[in-house]
Amino acid sequence: MVGVPALQWSALDTAFGDVGLAVAFGYMLRVEPDSGWDEAAHSYIARSAAALETSPHIGLGLYRGISGLAFAMRYLSLRGQRYARALGRVDSLLVDQSTATLDRLPDAGCTASDQYDLISGVVGVGAYLSTMTDAPSAVPLLHRLLGRLVAWSGRSAPDGFWTSAAPLPEPGRPPKDSPVRCLDLGVAHGISGVLALLAVCARHGVDVRGMHGAADRLVTAVRHGLTDTPWGPDVAYRRHDSHPHHETSTPSRVAWCYGNLGVARSLQLAGLAFSEPAWGQLAHQLMRSAIRRPPDVTRISAPTFCHGQAGVLHLLTRFQDDLPFHDPLLTEYAESCLRSVLGQYGPQKKFGFSDFHPLTGPVDNPGLLEGAAGVALVLASLAGDVPPDWERLFLIG
């Protein structure tokens, strides 16, 4: 259909490619060690590693780049017992390119969100590095990366995380005719992803000077992006420096990537990491506000992860795991999500579950971010007692 980009499967893609399936099969191997998942996971990571040899210009991104491949390879390595040579090469490449990227980025801040965000930027690099804090080569780089994020958090518009509000004509250069700056508040592409990284690192013993203060500034920035709705507070997609209290006609979608649920989990993790109970209370308000909305307002149209019911279900589950009290409203909504996800399974569907595009309708997608693999991961995590360590890709824990 015109206007709808065709899905391009890639061996080096985490969202829609072999890297994501390698991670999914790697988790299934943990859940069912003797069911053949090891061979499936190996076949996909081998294809990804081979693709790297013919892709000299691969980026750093966690979702299509070296960080994602390194994450998957380490995830399947059985704590370094396998893939040692290949992983060493990928890690070395990542360290070199990450160092060069940090050298190039201006001290004042980013010019585009994909330079720092979770999907394509240095936050995604940090998400991977946070899994290898025992590696001598990783710790100095992680500390330097976190230090840069801390410094950017202290800068106001037009610097820091304030980026161009218009499309960039070329990487790294904001358009000359668009001086307006915006602050992305989401997890996937904005400052809530930064907040989640600081929280995850702090919870795993990584201490960089100024992290707590940076987290406080980011929480304040999120608060300034809240709008009132009939159901409670809502986190806008972004704020603009020309009108910081951004007004929207409808609340943001209920999802991991943007909106209340993903931001709420980031706030909760930060509250736990930095002993700030008020941040957890705000997170709880955002969660309840989101799930009180009627279905036509939530805009959840698929069972998938990024902005679908599987992601909502996993966020609710993990949020309740760390909630110091029982909230029956969250429990009821999570159970409703689970019933809905299971009800959308169809053995006649190519991958069991379909994504949904507003212009084309159902889409057969086996991928991790918006496809059947993401649904399978969430369901497998609920069914067993194996910790969902794959969720570091999403900075959920």
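Conventions adopted
- Per chain, the residues get numbers from 1 upward, laid out in the order the sequence is written.
- Residue-level local features of this predicted model are given only where pLDDT is at least 70; pairs of side-chain atoms are given and counted only at 80 or more, and the full residue set underlies all totals for whole chains, interfaces and linings.
- To get the side-chain values, take all heavy atoms of the structure and skip hydrogens and water.
- Buried means the residue's accessible area, taken with a 1.4 Å probe over protein chains only, is under 20% of the maximum for its type, while exposed means over 50%, and partly exposed covers the values in between.
- Secondary structure follows DSSP: runs of H or I at least 4 residues long count as helices, runs of E at least 2 residues long count as strands, and numbering of each begins at the N terminus.
- By the convention used here, residues are in contact when the closest approach between their heavy atoms is within 4.5 Å.
- Think of a polar contact as two N or O atoms within 3.5 Å of one another; within protein, one of them needs to be a possible hydrogen donor and the other a possible acceptor, and neighboring residues in sequence only count if both atoms come from side chains.
- UniProt positions are given in the numbering used here, feature names are shortened, and annotations may be inferred rather than shown by experiment.
- Pairing of aromatic rings covers Phe, Tyr and Trp, the last counted by its six-membered ring, and requires centre-to-centre distances within 6.5 Å; plane angles under 30 degrees mean stacked, over 60 mean edge-to-face, and any other angle means tilted.
- A pair of strands is labelled paired if DSSP reports no fewer than 2 bridges between them.
- An axis is simply a line fitted to the C-alpha atoms; with a helix, the fit covers only the stretch in contact. Between two such axes, the angle follows the N-to-C directions and lies from 0 to 180 degrees.
- The crossing is said to be left-handed when, going from far helix to near helix, the turn is anticlockwise and less than a right angle, and right-handed when the turn is clockwise.
- Residue polarity follows a fixed list, in which Ala, Val, Leu, Ile, Met, Phe, Trp, Tyr, Cys and Pro are nonpolar, Asp, Glu, Lys and Arg are charged, and the others, Gly among them, are polar.
- Two cysteine sulfur atoms form a disulfide, by the criterion used here, when they sit within 2.5 Å.

Engineer: Can you walk me through helix α5 (residues 122-129) in this structure?
Structural biologist: The α-helix winds at 3.6 residues per turn, so residues separated by three or four positions along the chain end up facing the same way. Across the eight residues of α5, eight count as buried, placing the element largely inside the fold. Taken together, the buried positions of α5 are occupied by Val122, Val123, Gly124, Val125, Gly126, Ala127, Tyr128 and Leu129. The inward-facing, buried residues of α5 contact α3 (66-75), α4 (84-104), α6 (138-153) and α7 (191-203).

Engineer: Help me understand the side chain of Arg293 in this model?
Structural biologist: Looking at where Arg293 falls in the secondary structure, it is placed in the loop between α10 (277-291) and α11 (295-298). Residue class for Arg293 comes out buried when judged on its relative accessible area of 4%. Within polar-contact distance, the side chain of Arg293 engages the side chain of Asp234 at 2.8 Å. In terms of polar contacts, Arg293 uses its side chain to reach the backbone carbonyl oxygen of Ser289, at 3.4 Å. Contacts of Arg293, omitting those with residues within four sequence positions, involve Trp231, Pro233, Asp234, Pro251, Ser252, Val254, Asn260 and Thr298.

Engineer: Would you explain the UniProt feature "binding site: Zn(2+)" (unreviewed entry) in the protein chain in this entry?
Structural biologist: As annotated in UniProt, the feature "binding site: Zn(2+)" (unreviewed entry) corresponds to Cys257, Cys306 and His307 in the numbering used here. The largest pairwise C-alpha distance within this set of annotated residues, which runs over 51 residues, is 6.5 Å, so the set is compact in three dimensions. Beyond its immediate stretch of four places on either side in the chain, Cys257 contacts Gly186, Val187, Ala188, Cys306 and His307. Locating Cys306 in the fold gives a position in the loop between α11 and α12 (309-321). The buried category is assigned to Cys306, whose relative accessible area is 6%.

Engineer: Sorry, what's going on with the packing of aromatic side chains here?
Structural biologist: Enumeration over the complete set of coordinates arrives at 15 aromatic pairs. Aromatic pair Trp9 and Phe16: ring centres 4.7 Å apart, planes at 75°, arrangement edge-to-face. By relative accessible area, which is 13% here, Phe16 ends up buried. Plain terms: the ring middles of Trp256 and Phe394 are 5.1 Å apart, the flat faces sit at 85° to each other, and that makes the pair edge-to-face.

Engineer: Even after reading the chapter, I still don't get the sheet that holds strand β2 (residues 181-184), so can you show me in this structure?
Structural biologist: Strand pairing within a sheet occurs via backbone hydrogen bonds; the two strands may be parallel or antiparallel. One open sheet accounts for three strands, arranged β1-β2-β5; its pairing is antiparallel. Every interior strand has two partners, whereas the edge strands, β1 (163-164) and β5 (238-240), have only one. Where β1 and β2 come together, two bridges link them in antiparallel fashion. By the bridge assignment, Thr163 is partnered in β2 with Cys182.

Engineer: Teacher, can you tell me more about the pairing of β2 here?
Structural biologist: The two faces of a sheet get side chains in turn, since along a regular strand they alternate between them. What you see with β2 is no split at all: Arg181 and Leu183 on one side and Cys182 and Asp184 on the other are buried throughout. Bridge analysis of β2 against β5 gives three bridges, and the strand direction is antiparallel. Looking at β5, one finds that Cys182 is bridged to His240.

Engineer: Would you explain the pairing of strand β3 (residues 226-229) in this entry?
Structural biologist: Of the two faces of β3, only one is covered, namely that formed by Thr227 and Thr229; the face formed by Leu226 and Asp228 stays uncovered. Pairing geometry for β3 and strand β4 (residues 232-235), over four bridges, is antiparallel. Following the sheet pairing, Thr229 is matched in β4 by Gly232. Hairpin connection, β3 to β4: the antiparallel pair is bridged by two residues.

Engineer: I'm lost on the packing of α12 against helix α14 (residues 372-383) in this one. Help?
Structural biologist: The description of two packed helices rests on the angle between their axes and on the distance between the axes. Axis separation between α12 and α14 bottoms out at 9 Å; the angle between their running directions is 30°. The handedness of the crossing between α12 and α14 comes out as left-handed. Between α12 and α14, the residues in contact are Ala310, Leu313, His314 and Thr317 and Val375, Val378 and Leu382, respectively. Each residue belonging to the contact of α12 with α14 can be placed in one class, and the counts come to five nonpolar, two polar and no charged.

Engineer: Mind showing me how you'd approach unusual backbone geometry here?
Structural biologist: Glycine aside, residues mostly have negative phi angles, and peptide bonds mostly take the trans form. Here the residue pair Ala157 and Pro158 is connected by a cis peptide bond, since its omega of 15° sits within 30 degrees of zero. Within the fold, Pro158 resides in the loop between α6 and β1. Even without glycine at this site, Tyr83 takes up a positive phi of about 60°. By the element assignment, Tyr83 lies in the loop between α3 and α4. Even without being glycine, Arg299 reaches a positive phi, approximately 60°.

Engineer: Looking at this structure, I do not really get the state of the cysteines. What am I missing?
Structural biologist: Formally, a disulfide is one covalent bond, and it connects the sulfur atom of one cysteine to the sulfur atom of another. Following the criterion strictly, the structure yields zero disulfides and no others. Between Cys110, a cysteine without a disulfide, and Cys182, which holds the nearest cysteine sulfur, the sulfur-to-sulfur distance is 12 Å. Cys306 provides the cysteine sulfur closest to Cys257, a residue in no disulfide bond, and the two sulfurs are 3.7 Å apart.

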